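What follows is the residue order along each chain.
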Protein chains: 2
Amino acid sequence: MANIKDIAKQCKVNPATVSRALNGKKGVSEKVRARIIKTAQRLGYSKNPLAAGLITHKSGIIGLVVPDITNPYYASVAQGVSAVLRQSGYGTFLCDSTRSREQEQQYFGMLCSYRVEGVVLLSVTAKPEDLEIFREKGIRVICVDNPISNEVSTVLNDNYQGACDLTEHLVCDCGVRRLVAVMGTRDADTTRQRLRGCTETLARLGQSGILQGTLYTQPDYDHGDAIMGEVMKLSPDCVFAVNDQVALGAFSWCLRNHVDVPGQLKLCGFDDIAAASMISVPLTTVHQRKYVLGEKAATQLIYELKNPDSLPMRIELLPKLMIRASCGERSSPQPSTGSAQS
Amino acid sequence: MANIKDIAKQCKVNPATVSRALNGKKGVSEKVRARIIKTAQRLGYSKNPLAAGLITHKSGIIGLVVPDITNPYYASVAQGVSAVLRQSGYGTFLCDSTRSREQEQQYFGMLCSYRVEGVVLLSVTAKPEDLEIFREKGIRVICVDNPISNEVSTVLNDNYQGACDLTEHLVCDCGVRRLVAVMGTRDADTTRQRLRGCTETLARLGQSGILQGTLYTQPDYDHGDAIMGEVMKLSPDCVFAVNDQVALGAFSWCLRNHVDVPGQLKLCGFDDIAAASMISVPLTTVHQRKYVLGEKAATQLIYELKNPDSLPMRIELLPKLMIRASCGERSSPQPSTGSAQS
DNA sequence: TTGCGATGTCCTTAATGTTTGCCATGTTGG
DNA sequence: CCAACATGGCAAACATTAAGGACATCGCAA
C-alpha cells in the first residue's frame, strides 16, 4: 500500500512536505501541492490514521456503546450516530454490552486502549464513577437517554413530557380508572422519568388513586408477556408499559388469553418502534426520534472535540403522542418508520 | 497513560524486554516477567494496539459491514459477530452502508486505511470486483448470506432448503393453488435461492402452474404493504414473501382492506423475526439462526487469520420451518426470539 | 581445572507511517 | 544590502516489536 514516502520519492520532495500538502497546511507552494495531490491519487494513497494518531493523539475512532443492538430503538440511534460519524470521517467502534455492566466495563478498557477520541454512551448500567476512566484520559463522552453524570453532555428525549401527555390522554380521553405501570430497569433515567410523568400527571389531575401498582421487569418482549399474569391480579383497565417491547409482549399475552384490547384492557407503550403499528390493534405510544437522537449525539460529540473547553450541556428532544387503537378513543394517523425502545 | 517505557524504567529493564514479557514470548526469565507484569498492573498499563499494529500489521480491528443495522435480522447477526470478536480481543468497526453501494465503497476504503485485519461482509450490493481492494491488501473477508465471490468463505442459511420445505408445506398441507412470490433485491443470493427453492419444488410436485407471478420490491415493511395492490391483481390464494418484513407489510394491507388471513389469503415469510409471532395471526415462516450465523462468521474469520493459507469454504446452517396460523392448517409451537430478515 | 559449545537472558538498534519544530535556502521589496 | 517571508529539507517523536548481538552461566569432556 502506497505510503507517504513513496509519494515523496515520486515527487522528489520530502515526506514532511507531502504530509503538509495533503493536510492542507501552509508552507507548500500551490504548484508542489497540486503535484503531490495528483500523484497521491494516482498511487491510490490512503493515509494511515493509526500512524498519524500515534503522534497527534487522534485516532479518528469513536466508541459507540449500546446495551443491545438487536433492540430496534438502540439500532436506530446507532444508525444516526454512525451516519454522522462517517460523514465527518470518523470510524465507529461498536460495543454491544448485552446489558451487562461487566462487559460494558471491559469495553470501556478496550476503548481506552484503542485511544478512541470520544464515546457515545447508551447505558442503563453505568455509574458516574465508571466514566472516571475516560475523564482521566481526556476522552470525551456523550450520554444518550441516561444522564449518567452531569460532567458530560447528555442527549435525550423528554421522557417526562411524553409520559405526561400520554397519561393525560389515558385518563381524560380514554377514561382509564385502574392503571398498572410496568417499568424496566429500576434506576435507568428513562424508567424514572416515564414513571414520574405518569404519577405527577395523575396527581395534577387529582387522580392519584388510579395507579394500582408499579411492577419492574426486563424491558423486553418476553418479559412483557411473562409479567402479565401478575399484572392482571391487580385487575387493571390499562397497562402503562415502559416501552413498546413490553407492551407488545403484553399484547401477545392478551391474544393468547382472549383479553380484548382495548375493550377489556387498554395498552400503551413508549418509543414507537416499527412493530408497534404492525400489530392487529396498533399500539398507542410515544414517538421518539431515535435516529435524530443519534445524529444529535454524534454532532455534539464532534463539536466538543473541536472545542475542548466547551461545557457539558443537555439536549432534549420533544416526543409526540401517537394515538392508535390500543387505548380506544379516536385515532390520529402517521409516523413510525425505523424502530424503537430504551 | 503509562506506556511500555515507563514500565521499563521502573523495572530497570529495556522496553523490548517489557514487550516480550507482556506478550508471553520467551527470552525473559520468570522472575523478571513477574516483576514486569506486576508493575504493569500497578501502573494501569494498557498497550496501544495501534502502535503495535504499525509494526505487526495487525490492528486488532475487524470491519463489520451491514446493509441496515435497524433491520432486526442484521442486528442479530451483528450481535453474534461482535460477541465473538470481543471474546477474542478484537474490536468491531461498524459500517452501516444503508443499502447504498456508494457508501459501502466508501466504507471499504475506510476499512483499508484503518488496516483492519479482516471484514465480515453482509452486502446485497457488492460485486466480486469490489472485494479486489481487500484482496490486494491481504485483508481477509467473510461473506454472510450473500456469497459475493467464491474466493472468500461464506456463511449462510440454506435458503434453498428452507424455501423447499416451506413450499411443500404450502402446497401439500395448506392446499395453496395460486401462489404469488414477492421477492427482494433482484440479484441478492437470498432472493435467488428462496425463489429457486419455491419454483423447483413446485416443478418437482408437478405443480409449476401454481406460481401466478413474481414481483420484486425493496424488502421492507412499507414496500411489502405498498406492493399488495399489484399482487392482488393476480388473485392469489397465497403470498410467498422474501422475508418477514414484507409479509408483515402485506398483512397490514390485508387488515386495512379486510382480507381475511388465512381464510382468503395465506401469507408466509422468511427469517422469523420477533414481530412475526407478535401479530394477531402469527406468521408461518422459516426460522433462521441469525445470532449463530454471526458467531460462525466471526469464528471462521478468526480461524482464517490464524491459518492464512486456509482455503475458502462455505458453511450452511439448516433452517427450520415455523408453522403458525397465517397459512391455515395445524400449527406447531415455539422459537422466535431475537429478530430477522435478510 | 580448563576449554568449548550450548543455552538463557537481556540490550541495542532499526523499523513501522506520520507529524512537527526548527533550520537552511531562496526570493522579494524597500 | 538587509529584513522579511515563503518554501521545503532534516531529524526527532509517537508506542511498539523484530532481529541480532553481548554477556553470563552451565554442562560436559579433555
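You'll find the structure just up there.
Residue positions are given per chain, counting from 1 as you read along its sequence in written order. The naming scheme follows written order: chains are lettered A onward, ligands numbered 1 onward. Per-residue local features are limited, in this predicted model, to residues with pLDDT of at least 70; the limit for side-chain atom pairs, both in listing and counting, is 80 or more; totals at the level of whole chains, interfaces and linings are taken over all residues. Hydrogens and water molecules were not included; the side-chain quantities draw on all heavy atoms of the structure.

Caption draft 1: A look at the protein's contact with DNA strand C. Lining the immediate environment of DNA strand C, one finds 29 residues, of which Ser-19 and Lys-25 of chain A together with Asn-14, Thr-17 and Val-32 of chain B sit closest. Only heavy atoms are used to decide nearness, and a residue is near a molecule or strand if one of them lies within 4 Å of it. Considering DNA strand C, the proportion of its atoms within 4 Å of the protein that are sugar or phosphate atoms stands at 60%. With respect to DNA strand C, the side chain of Ser-19 of chain A contributes an N or O atom lying 2.5 Å from a phosphate oxygen. By the criterion applied in these results, polar contacts are pairs of N or O atoms within 3.5 Å in which, for protein atoms, one can donate a hydrogen and the other can accept it, and in which residues neighboring in sequence qualify only through two side-chain atoms. Contact distances for DNA strand C include 3.0 Å between a phosphate oxygen and a side-chain N or O atom of Tyr-45 of chain A. Segments assigned H or I by DSSP are reported as helices when at least four residues long, segments assigned E as strands when at least two residues long, and all are numbered from the N terminus. Listed by contribution, the elements that provide at least two residues to the surface near DNA strand C are helix H1 (4–11), helix H2 (15–22) and helix H4 (49–56) of chain A together with helix H2 (15–22) and helix H4 (49–56) of chain B. With 5 residues, H4 of chain A is the largest single contributor of residues to the surface near DNA strand C. Of the residues contributing to the surface near DNA strand C, the split by class is 13 nonpolar, 10 polar and 6 charged. Amino acids outside the nonpolar list (Ala, Val, Leu, Ile, Met, Phe, Trp, Tyr, Cys, Pro) and the charged list (Asp, Glu, Lys, Arg) are all regarded as polar, and Gly is one of them.

Caption draft 2: Quick peek at the sheet that holds strand E5 (residues 153–157) of chain B. Ordered by their spatial adjacency, 12 strands build an open sheet running E11(A)-E5(A)-E4(A)-E3(A)-E1(A)-E2(A)-E2(B)-E1(B)-E3(B)-E4(B)-E5(B)-E11(B), and the pairing between neighbours is mixed. Where the open sheet ends on each side, the last strands, each with one partner, are strand E11 (314–317) of chain A together with strand E11 (314–317) of chain B. In this sheet, adjacent strand axes meet at a mean angle of 20 degrees when their direction is disregarded. For two strands to be treated as a pair, DSSP must find no fewer than two bridges joining them. Two strands pair when backbone bridges link them, and strand E1 (residues 61–66) of chain B and strand E2 (residues 91–96) of chain B are joined in this way by 6 bridges, in the parallel orientation. Note on method: axes are straight lines fitted to C-alpha atoms, helices fitted across the in-contact stretch only, with angles between N-to-C directions ranging 0 to 180 degrees.

Caption draft 3: View of the protein's contact with DNA strand D. Asn-14 of chain A together with Ile-4, Ser-19, Lys-25 and Tyr-45 of chain B are the nearest of the 26 residues found near DNA strand D. In DNA strand D, atoms within 4 Å of the protein come 66% from sugar and phosphate. Asn-14 of chain A is positioned with one of its backbone polar atoms (N or O) 2.6 Å from a phosphate oxygen of DNA strand D. With respect to DNA strand D, the backbone of Ile-4 of chain B contributes an N or O atom lying 2.7 Å from a phosphate oxygen. Elements represented by at least two residues in the surface near DNA strand D include exactly H2 and H4 of chain A together with helix H1 (4–11), H2 and H4 of chain B. Here the surface near DNA strand D gets 4 residues from one element, more than from any other, and that element is H4 of chain B.

Caption draft 4: Inspection of the interface of chain A and chain B at higher detail. Contacts are assigned to residue pairs that have any heavy atoms within 4.5 Å of one another. Each partner contributes to the interface: chain A provides 48 residues, whereas chain B provides 48 residues. For the pairing of chain A and chain B, the buried interface totals around 4,400 Å² over both sides, and the portion due to carbon and sulfur atoms is 63%. A side-chain nitrogen of Lys or Arg and a carboxyl oxygen of Asp or Glu constitute a salt bridge if their distance falls within 4 Å. On inspection of chain A and its partner chain B, the count reaches 0 salt bridges. Of all the secondary-structure elements, those providing two or more residues to the side of chain A that touches chain B are H4, helix H5 (72–87), strand E2 (91–96), helix H6 (101–113), helix H10 (221–226) and helix H12 (244–256) of chain A. It is H6 of chain A that provides the largest number of residues to the side of chain A that touches chain B, a total of 6 residues. Defined in terms of a 1.4 Å probe, buried area is the accessible area two parts forfeit on being brought together, summed over both.

Caption draft 5: Structural context of the nonpolar core. Residue types Ala, Val, Leu, Ile, Met, Phe, Trp, Tyr and Cys, when buried and joined through side-chain atoms within 4.5 Å, form a set referred to as a nonpolar core. Accessible area is worked out with a 1.4 Å probe on protein chains only. A residue is then buried under 20% of its type maximum, exposed over 50%, and partly exposed in between. Among the nonpolar cores identified, the biggest contains 96 residues, and Leu-170, Leu-179 and Phe-240 of chain A together with Leu-170, Leu-179 and Phe-240 of chain B are the most heavily contacted of them. Beyond its immediate sequence surroundings of up to four residues, Leu-179 of chain A is in contact with Leu-170, Cys-198, Leu-202, Ile-210, Leu-211, Gln-212, Gly-213, Asp-237, Cys-238 and Phe-240 of chain A. Residues Ala-297 and Leu-301 of chain A together with Val-155 and Ala-188 of chain B belong to the second largest nonpolar core, which totals 56 residues.

Caption draft 6: Layout of the packing of aromatic side chains. Residue and element names in this part refer to chain B. Note on aromatic pairs: the rings of Phe, Tyr and Trp (six-membered ring only in Trp) are paired at centre separations within 6.5 Å, and the planes decide the class, stacked below 30 degrees, edge-to-face beyond 60, tilted for the rest. Across all of its chains, the model carries 8 aromatic pairs over all chains by this definition. Note on Phe-93 and Tyr-114: the rings are 5.3 Å apart at their centroids and 50 degrees apart in plane angle, and the pair reads as tilted. Of this pair, Phe-93 sits in strand E2 while Tyr-114 sits in the loop between helix H6 (101–113) and strand E3 (118–121); the two residues are 21 residues apart in sequence, bridging distant segments of the chain. Judged by relative accessible area, Phe-93 falls into the buried class, the value being 2%. Judged by its relative accessible area of 4%, Tyr-114 falls in the buried class. Here the aromatic rings of Phe-240 and Phe-270 are separated by 6.3 Å at their centres, their planes lie at 70 degrees, and the arrangement is edge-to-face. In this pair, Phe-240 is assigned in strand E8 (residues 238–241) and Phe-270 in the loop between strand E9 (266–268) and strand E10 (285–287), connecting sequence segments 30 residues apart. Per residue, the accessibility class of Phe-240 equals that of Phe-270, and both read buried. Note on criteria: charge over ring means Lys NZ or Arg CZ within 6 Å of the ring centre, with the direction from the centre no more than 35 degrees off the ring normal. Above the face of the Tyr-160 ring, Arg-196 is positioned so that its terminal group lies 4.0 Å from the ring centre.

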